[in-house]
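These are the residues of each chain, in order.
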Amino acid sequence: MTDQSAKFTMDSEQAELPRRSGTIGPEVVDVTQLYKDTGLFTFDPGFSSTASCESKITYIDGDNGILLHRGYSIDELAEKGDYLEACYLLLYGELPTAREKEDFVYRVTRHTMVHEQMNRFFTGFRRDAHPMAVMVACVGALSAFYHDSTDIADPHQRMVASLRMIAKMPTIAAMAYKYHIGQPFVYPRNDLDYAENFLHMCFAVPCEPYEINPVLARAMDRIFTLHADHEQNASTSTVRLAGSSGANPFACIAAGVACLWGPAHGGANEAALNMLMEIGTADRIPEFIARAKDKNDPFRLMGFGHRVYKNYDPRAKIMQKTCHEVLDELGVRDDPLLEVAMELERIALTDQYFIDKKLYPNVDFYSGITLKALGFPTAMFTVLFAVARTVGWIAQWKEMIEDPKQRIGRPRQLYTGAPQRDYMPVQDRG
Ligand code: CMC
C-alpha cells in the first residue's frame, strides 16, 4: 500500500520517499531507493526506527501493552487456547478447525523422536556444559540428520522441516537437561500432549512412574504460548538474516538459539532469577534500586524494561497469574523469592526513575520463579524459551522464503576506520 510520500531535503538536493501504511501501527518511509537517489545511507544501529521487513504474523503496540498474533490477543490465546493451536495460527494464519487441529497435533506428534544417532552427539559434551551450548550445537546438527527437508525451494520440505523443528525441540531440550544432570534420556510419549510430554521427558526416570500434574502441565503450556513469537526481536531477525542467504532451516534456527542466549534477550529470565536470589530479602531492595539508577554502575534490574513495550508487558500479567497458580498448586505459600519479586515490582512501579523511563516488568520477571517452582534449574530457562520460540522463528522464516521479493539481507555501515594507506614491509615499521 503506497500512500503519500515523505520529502527529504539535503542542501539543494531533494528526494521523494514513498510512505507505506500497514493495517495497524506506524507508517513507514520506504528508503530502499535513498542511496541510489542521494548517495546517502540511513544510520540506525539498534534498529530503533527501522522496520526490517513486511510481516503479517505478529503485531506489538508497545505504548499500550498490546501483543497480537495474526490479530488475536495474547491474553485470549494463552487463556483460552493451547500452544499447538497457537503454533498452527502462527504458521498458517488462521485458528484451526477441530479437524485441522487434530490433524496438526497428529503430524507434530509423529515427529517427536530424534534420530537415534543423535544420542551419541550428546555424549561428546562435558556434563557441566551449559544446556544452551548443547542446544546450539544439536539444533545445528539436525541438518546433518534430516537431509530430506533442507531444500528450501520445495514447499513440502519446508513444511516437514517446520513440523520437525516444533516436534523435536522439546526432545532435544529434555535430552540436554537429562545429560546435564546425569540421568538417562527419556523417550517422547505420543499419548501425552505437547507440554505433558515435555515435563515427562524432563522429570520421569525409568525406575518409577511419573504422574503428570495437570495444573503444572497447563502452566508449562502457557509459558510456551507466551513465548511463541514476538515480532522482529533480535533472535527472529537473526533467523531471517541467516535464512535470507538460503541457508537451511535447521541452521537458521540454530543461529536464532545462539542469539537468544544473550542476557539482554532470552537469557534475562535466568538473570532475573539470579538477581532475585542475590537480593535475597525485601529490605535489600532499595540498595539494588539505587544501583540500577546509578549511571556509573552497570547493574540493571533484570526482567525490567523492553525495547518495544513502554507499558506493562501483556505477557508479564499472564505470567504473574500463572506463577501464583503454580505456587498455590505446589503449596508454596511463603516463597521468599516471590516476596522479593512482588515488593521489587511494587517499588519499581512507583519509583520516578522507572516511571520516567517507562520501565515495566517484562515476561521474564515472573517466568524464572515459575520455572524454578516447576523444577527446572536456572540453566534450563533459556532453553525452554528456545523451545517455545521455535515456532515463531520458523513461521517468520517461512514467510520470508515465500515472499517473491525476498533477497539477501545485507546492511551497510558508517565506516570510521583508517582511510586507504600504503603497506609498509615489517622491517620498516617503527
Ligand atoms: N534497569 C535499570 N535501568 C534500565 C533498565 C533496567 N532493567 N533498562 C533500561 N534502563 C535504562 C537505561 O539505563 C537507559 O537509561 P538512560 O536513558 O539514562 O541512558 C534507558 O533506561 C533506556 O535503556 P536502553 O538500554 O537504551 O533501552 P533498550 O531498548 O536498548 O534496552 C532492554 C531494552 C530490554 C535490553 C533493557 O531494558 C534491559 O537491559 N533490561 C534488562 C534485561 C531484560 O529484562 N531483558 C528481557 C527483555 S524481554 C524478553 C526478550 O525479549 O528476550
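Cut-offs applied
Residues numbered from 1 in each chain as written. Predicted model: local features only at pLDDT ≥ 70, side-chain atom pairs only at ≥ 80, totals over all residues. Heavy atoms only, no water. Helix = DSSP H or I, 4+ residues; strand = E, 2+ residues; numbered from the N terminus. Contact = heavy atoms within 4.5 Å. Polar contact = N/O pair within 3.5 Å; in protein donor to acceptor, adjacent residues only side chain to side chain. Near = heavy atom within 4 Å. Areas by Shrake-Rupley, 256 points an atom, 1.4 Å probe, with all protein chains shown as cover. Nonpolar A, V, L, I, M, F, W, Y, C, P; charged D, E, K, R; others polar. UniProt positions renumbered as here; feature names shortened; annotations may be inferred. Buried < 20%, exposed > 50% of the residue type's maximum accessible area, 1.4 Å probe, protein only. Domains from an automatic or database assignment. Expected span 1.5 Å × (residues − 1).

(A) Just the environment of Ser143, in detail. The residue Ser143 is located in helix α6 (residues 131-145) in this model. A C-alpha to C-alpha distance of 5.6 Å links Ser143 and Phe250, two positions 107 residues apart in sequence. Those residues within four positions of Ser143 in sequence are excluded, and the remaining contacts are Thr150, Asn248 and Phe250. At 3.0 Å, the side chain of Ser143 forms a polar contact with the backbone oxygen of Gly140.

(B) Highlighting the site of the ligand. Surveying the vicinity of the ligand reveals 20 residues, the closest of which are His265, Lys295, Arg300, Leu301 and Arg307. Tyr353 has a polar side-chain atom sitting 3.2 Å from a nitrogen atom of the ligand. For the ligand, the protein covers 75% of the area, taking 940 Å² as the surface of the free molecule. Along the lines of polarity and charge, the residues of the shell around the ligand split into nine nonpolar, six polar and five charged.

(C) How the structure looks around the UniProt feature "active site" (unreviewed entry) in the protein. Sites flagged by UniProt as "active site" (unreviewed entry) map to His306 and Asp364. For the residues just named, distributed over 59 residues, the greatest C-alpha separation is only 10.6 Å, placing them together at one site. Mapped onto the elements of the fold, His306 is located in the loop between α13 (285-293) and α14 (314-329). Leave out the neighbours within four places in its chain, and His306 touches His230 and Arg315. A distance of 3.0 Å separates a polar atom in the side chain of His306 from the backbone nitrogen of Val308. By relative accessible area, which is 5% here, Asp364 ends up buried. If we skip the residues at most four places from it in the chain, Asp364 touches His227, His265, Ala268, Asn269, Ala272 and Phe385.

(D) Up close: the domain arrangement of the protein. Each assigned domain of the protein is listed here: domain 1 (5-51) and domain 2 (74-405). Taking only C-alpha atoms into account, the centre of domain 1 sits 35 Å from that of domain 2.

(E) Layout of helix α9 (residues 214-226). With 13 residues, α9 should reach 18 Å at 1.5 Å per residue; the first-to-last C-alpha distance of 18 Å fits that figure. Among the 13 residues in α9, ten count as buried, and that is most of the element. Residues Leu216, Ala217, Ala219, Met220, Asp221, Arg222, Ile223, Phe224, Thr225 and Leu226 constitute the buried set of α9. The inward-facing, buried residues of α9 abut α2 (74-80), α3 (83-92), α8 (194-203), α14, α17 (364-374) and α18 (381-401). Sitting at the head of α9, Asn213 places a side-chain oxygen 2.8 Å from the backbone nitrogen of Val215.

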